[in-house]
Amino acid sequence: VTCNYPARERGVHKLMYIAKVPEVCPELVIRNGSNLKKYRSASQRIYSILKSITPYVERLGLDEFFIDATSLVSEWENGVSKALFDRKDDDFKGHV
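All residue numbers refer to positions counted from 1 along the written sequence of the respective chain. The predicted nature of this model means local features are confined to residues of pLDDT at least 70 and side-chain atom pairs, given and counted, to a pLDDT of 80 or more, with totals for whole chains, interfaces and linings taken over all residues. Think of the side-chain values as coming from all heavy atoms in the structure, minus any hydrogens and water.

S.K.: Requested: an account of the overall build of the chain, with residues and values cited.
M.R.: Within the chain, the regular secondary structure consists of five helices and two strands. When checking whether two residues touch, look at their non-hydrogen atoms; a contact exists if any pair is within 4.5 Å. Considering only contacts within the chain whose residues lie at least 6 apart along the sequence, 2% involve residues at least 24 apart. Split by element, the accessible area of the chain, about 8,200 Å² in all, is 56% carbon and sulfur. Only DSSP runs of H or I reaching four residues or more are called helices, and only runs of E reaching two or more are called strands; each is numbered from the N terminus. Each accessible area is a Shrake-Rupley result for a 1.4 Å probe, and residues are judged covered by the shown protein chains and nothing else.

Written as structure tokens, this is what we have:
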């Protein structure tokens, strides 16, 4: 269960049991959640992209990831990533 900010102001909080919600906020309207299929698919694609960059990726829920970028910094220091930074493509330049 998740909730919007007005519901939070009335005492409802994320992961609260649905049966408890009417006790805290009787006027609240509970709706069925949306289909998360596209969201899960996008999350998996992002995870795959991160895993292609470094094997050290941890997932926290659908929309949060932690990566250890130590090896990427080492590559930068060794000049491998610098080649990307020096590209002539203005849309890409500096976004490393």
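S.K.: Tell me about the pattern of salt bridges, and please be specific about residues and values.
M.R.: When a carboxyl oxygen of Asp or Glu is within 4 Å of a side-chain nitrogen of Lys or Arg, the pair counts as a salt bridge. Applying the stated criterion to the full structure yields two salt bridges. Among the salt bridges present, the one from Arg 10 reaches Glu 27, with a minimum N-O distance of 3.1 Å. In this pair, Arg 10 is assigned in the loop between helix 1 (5-9) and helix 2 (21-24) and Glu 27 in the loop between helix 2 and helix 3 (37-53), connecting sequence segments 17 residues apart. Throughout this description, buried means an accessible area under 20% of the type-specific maximum (1.4 Å probe, protein chains only), exposed means over 50%, and partly exposed covers the range between. Judged by relative accessible area, Glu 27 falls into the exposed class, the value being 52%. The salt bridge partner of Glu 23 is Lys 20, with a shortest N-O separation of 3.6 Å. Judged by its relative accessible area of 60%, Glu 23 falls in the exposed class. Taking relative accessible area as the criterion, Lys 20 reaches 41% and is therefore assigned partly exposed.

S.K.: Residues and numbers for the environment of Val 29, please.
M.R.: Within the secondary structure, Val 29 is located in the loop between helix 2 and helix 3. Relative accessible area serves as the criterion here: at 58%, Val 29 is assigned to the exposed category. Sequence spacing of Val 29 and Ala 7 is 22 residues, and the spatial spacing of their C-alpha atoms is 9.6 Å.

These figures come from the coordinates and say nothing about function on their own.
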